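Structural overview for review
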Amino acid sequence: MQIFVFIFLGWTVLASTTSVPPPPSPESIHISTLPLPPVVNSSNVGACTLTINPHGTGCIGQVSDEFQAGDFTPDGNHIVVNVVFVGAPASPDPAGIYTGEQLILVKTDNSTFSNGDSWKCLSCGVPAENAVLLDLKKDYPHSFRSGTKALWGHNILECGGELLISDKCTPNKTHIYPIHWPITADGSGAGGSPREMRLHPDDVHMGWSSFTTTGGQFCYFGRLSFNAAPTIGEPLAPRYDLINVNLLVQLNGVAPLTANGTELQFHPEAISVGELRGFSGRGDEIIYIGSTREANNIDLFAVHVLTGVVRRLTSHPEYADPIAFSADNDWFVTMDTRGSDRQMWMSGMRQVPPLIDLITVTAASSTRNNYGRRFFQPILIDRYGDRDDYYGQRINAAGDVTNGSVNDPNWNGRADPAFSLDSTKITFWQALVISPACGGINPLACPVSTAQGGRTYRVMLANLTSRPPKSPAPVFPVPDAIPWATPFPPGASLPSTPGIPAGNYTLRGRASGVAEVQLVADPLGLAKYGTVAINYTNFSDDSNHVLNGYEQVTTILTTSQPWLNKLDWYSDLVQTGIVQATKKTSVNGFHLMIDAALNVFNANGTLTTTINGVVYSQPANGT
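Residues numbered from 1 in each chain as written. Predicted model: local features only at pLDDT ≥ 70, side-chain atom pairs only at ≥ 80, totals over all residues. Heavy atoms only, no water.

What to know about empty space enclosed by the protein
One pass over the full model with this rule turns up one cavity of 30 Å³ or more. Space inside the largest cavity adds up to approximately 550 Å³. Forming the walls of the largest cavity are 36 residues, and the residues nearest its centre are Asp-71, His-142, Leu-199, Ala-324 and Phe-325. Looking at the lining of the largest cavity, the elements with two or more residues in it are strand 4 (68-72), strand 8 (142-143), strand 12 (195-199), strand 18 (273-279), strand 22 (320-325) and strand 29 (418-419). In terms of residues, the lining of the largest cavity owes the most to one element, strand 4, which gives four residues. Here the lining of the largest cavity is composed, by residue class, of 20 nonpolar, 10 polar and six charged. (1 Å grid on protein atoms, 1.4 Å probe; cavity = no way out; pocket = protein on both sides within 12 Å on 5 of 7 lines; lining within 4 Å. Points joined across faces, edges and corners; volume = space filled by probe spheres on them. Helix = DSSP H or I, 4+ residues; strand = E, 2+ residues; numbered from the N terminus. Nonpolar A, V, L, I, M, F, W, Y, C, P; charged D, E, K, R; others polar.)

See below:
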């Protein structure tokens, strides 16, 4: 084993050339369902009676768009969950505090809190003066490793230094503070609009994404700083400010695709943080969805916060997105469509360079959904990621696939999964397919929920029964200024991304052959390219997959609907070598219209991928 030592900004970073170990064997996993407050089928005032909940500690509805389960408290016996209480009695009834969107703790060990419930509301009954001008975004709940705070969307809940699980954490001791991201030079205004915020393991730094006004997205990293009495910026209330912000763009770094004259070249070492998804277990890597390595194959990557070294974590042709690392840094769990064949009709052919992705990536990331339905299931993978024939272990594989079973395909995973701090448990939550993703004109009949009260969401606990508890890996001392990133102080502007000019190019296979590429500018100027056309001749990057044929895609965008993608697609690809595969459209092509905000599949014509005789067809319209 060779060890290289880099002294970087005062910290020592070890880089090892040790070969990646062989894949792990499948392990024993026991799945159970966690309790939630009782369900009431009416949101009318007073519908949550003492008959339904004798303790008077709230009821939840059968359907909830805002429900979201989070991660574990440090003891591993509780998880934080965002719920919507309904049917509470009117004030001054003590049970009247259990109303609206609230943050609760849920027991995972079959025990109860001192009041006899298996849940405890953290935000209910907090005095108004302790929760001033909160941000309305309350998604992705996350427990700080200290156990004394919780991230609740764009807010932070804390309890005067008490553990959140303690009876000493009472409403009067609890404070909830909004998070503010100053983006104007003088600090004025409401600030930026972060989305899907993720807490670093050091409990101090945050990562987040943010949309642009033109349908793009950038990602950021910054430090939380408590501001007890702000004098500028909104809200003018005690809050946490995001300071020392880094834009996760390497301005002078190589792009994923470059042109030297008319010669194209892909660069797998390029840092391209498309959507931030979290951090590694010790926090030395930022986890993200990045530029694709293979056509239409959306994957997860990790980039080291100091060195900028990029690792590809997933490579299965299906879509991977929500992810969580174990605190020992040895494993991750991702929500993935693998096994569903949802995306194989467009992404199943391997080792195809992602040239059409210059204009198809939004559509590829949208077809994996149907309305609000995701086709995710939780996949456990070791820290080295997918490789060879190893694509991890489905966590909830055991079951009889019947209605309500742990592997019922109509119950689909949502964001985010999480590990307990000792790495022996995983929690994830699922949503049941509901109309309009089933029923009506949809060929899938809407299933009847077997969850308590007919609830259409559930929280699952996976016990990794063969694992001994492990201590968390030491948290990496991440700097405020990431060396490869771009400082983004208040008032900074987003960089332009000029890209490769429209024109005719050649991409040479690393092993053999060529791809003749035509990039045509978008005539309306709403995107860089309007058409991408490729002719492959004996093209191969690895000698095992040899590609011939052509593919051409044209996209049509509109200013009024920036998320609406209309694609005219023509494909006739043949792959030989260790596989026999084709990717073909029907005679008149494949014409897809899909809105990335709605995710409703609507196409004329067909696009079909066949691999070693197995045919993968596109979803039916509306499914």
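Some remarks on the state of the cysteines
As enumerated under the stated definition, the model contains four disulfides in all. Shown here is the disulfide that connects Cys-48 with Cys-59, its sulfur atoms set 2.0 Å apart. For the disulfide bridge between Cys-48 and Cys-59, the dihedral angle about the S-S bond is near 70 degrees, and by the sign convention the bridge is right-handed. Highlighted residues: Cys-48 in the loop between strand 3 (29-33) and strand 4 and Cys-59 in the loop between strand 3 and strand 4, separated in sequence by 11 residues. You'll find Cys-48 and Cys-59 in the same group, each marked buried. Covalent S-S linkage joins Cys-438 and Cys-446, the inter-sulfur distance amounting to 2.0 Å. As the torsion about the S-S bond is roughly 100 degrees, the Cys-438-Cys-446 disulfide counts as right-handed. You can call Cys-438 buried: its relative accessible area is 0%. (Disulfide = S-S within 2.5 Å. Buried < 20%, exposed > 50% of the residue type's maximum accessible area, 1.4 Å probe, protein only.)

Things to note about the packing of aromatic side chains
Counted according to the given criterion, the structure contains 20 aromatic pairs. Considering the side-chain rings of Phe-325 and Phe-332, the 5.4 Å spacing of their centres and the 35 degrees angle between planes classify their relative orientation as tilted. Like Phe-332, Phe-325 is buried. Taken together, the ring pairs connect Trp-181, Trp-208, Tyr-220 and Phe-488 into an aromatic cluster. Between the NZ or CZ atom of Lys-107 and the centre of the ring of Phe-113, over which it lies, the distance is 4.6 Å. The cationic tip of Arg-467 hangs over the ring face of Trp-331; the distance from NZ or CZ to the ring centre is 4.3 Å. (Phe/Tyr/Trp six-rings, centres within 6.5 Å; stacked < 30°, edge-to-face > 60°. Lys NZ or Arg CZ within 6 Å of the ring centre and 35° of its normal.)

Describing the side chain of Asn-599
Within the element layout of this structure, Asn-599 appears in the loop between strand 39 (590-595) and strand 40 (602-604). Leaving out residues up to four positions away in the same chain, Asn-599 has contacts with Ser-366, Asn-369, Asn-370, Tyr-371, Arg-374 and Ile-594. (Contact = heavy atoms within 4.5 Å.)

Concerning unusual backbone geometry
Put simply, Ser-91 and Pro-92 share a cis peptide bond, and its omega is 15 degrees. The amide bond that connects Ala-415 to the next residue, Asp-416, takes the cis arrangement and shows omega of -5 degrees. Backbone geometry at Tyr-140 places phi at a positive 45 degrees, although glycine is not the residue there. Looking at the element boundaries, Tyr-140 is found in the loop between strand 7 (119-121) and strand 8. Although it is not a glycine, Asn-244 adopts a positive phi angle of roughly 50 degrees. One can find Asn-244 in strand 15 (residues 239-247).

Quick look at the nonpolar core
One recurring pattern in soluble globular proteins: nonpolar side chains tend to sit buried together. Membership of the largest hydrophobic core comes to 68 residues, with the highest contact counts inside it found for Ile-395, Ile-426 and Tyr-536. It is strand 35 (residues 529-540) that provides the largest number of residues to this core, a total of five residues. Setting aside chain neighbours within four positions, we find Ile-395 in contact with Ile-29, Ile-31, Val-333, Pro-378, Ile-379, Leu-380, Ile-426, Phe-428 and Ala-462. Core analysis: the second largest hydrophobic core is formed by 22 residues, Leu-36, Ile-60, Ile-79 and Val-81 among them. (Core = buried A, V, L, I, M, F, W, Y, C linked by side-chain atoms within 4.5 Å.)

A short note on the sheet that holds strand 5 (residues 78-85)
Read across the sheet, four strands follow the order 4-5-6-7 without closing on themselves; strand pairing throughout is antiparallel. With one partner strand each, in any of the chains shown, strand 4 and strand 7 form the two edges of the open sheet. Between one strand and the next, the sheet's axes are offset by a mean angle of 30 degrees, whatever the strand orientation. Relative to strand 7, strand 6 (residues 100-107) runs antiparallel, the two sharing three bridges. Note on strand 7: the bridge partner recorded for Ile-104 is Cys-121. (Pairing = 2+ DSSP bridges. Axes fitted to C-alpha atoms, helices over the stretch in contact; angles between N-to-C directions.)

Brief notes about the pairing of strand 31 (residues 457-464)
With seven of its eight residues buried, strand 31 lies for the most part within the structure. Across five bridges, strand 3 lies against strand 31 in antiparallel orientation. In the sheet register, Ser-32 faces strand 31, and the bridge partner there is Leu-461. Here seven bridges tie strand 30 (residues 425-432) to strand 31, and the two strands are oriented antiparallel to one another. Within strand 31, the residue paired with Ile-426 across the bridge is Ala-462.

Nothing here speaks to function; it is all geometry.
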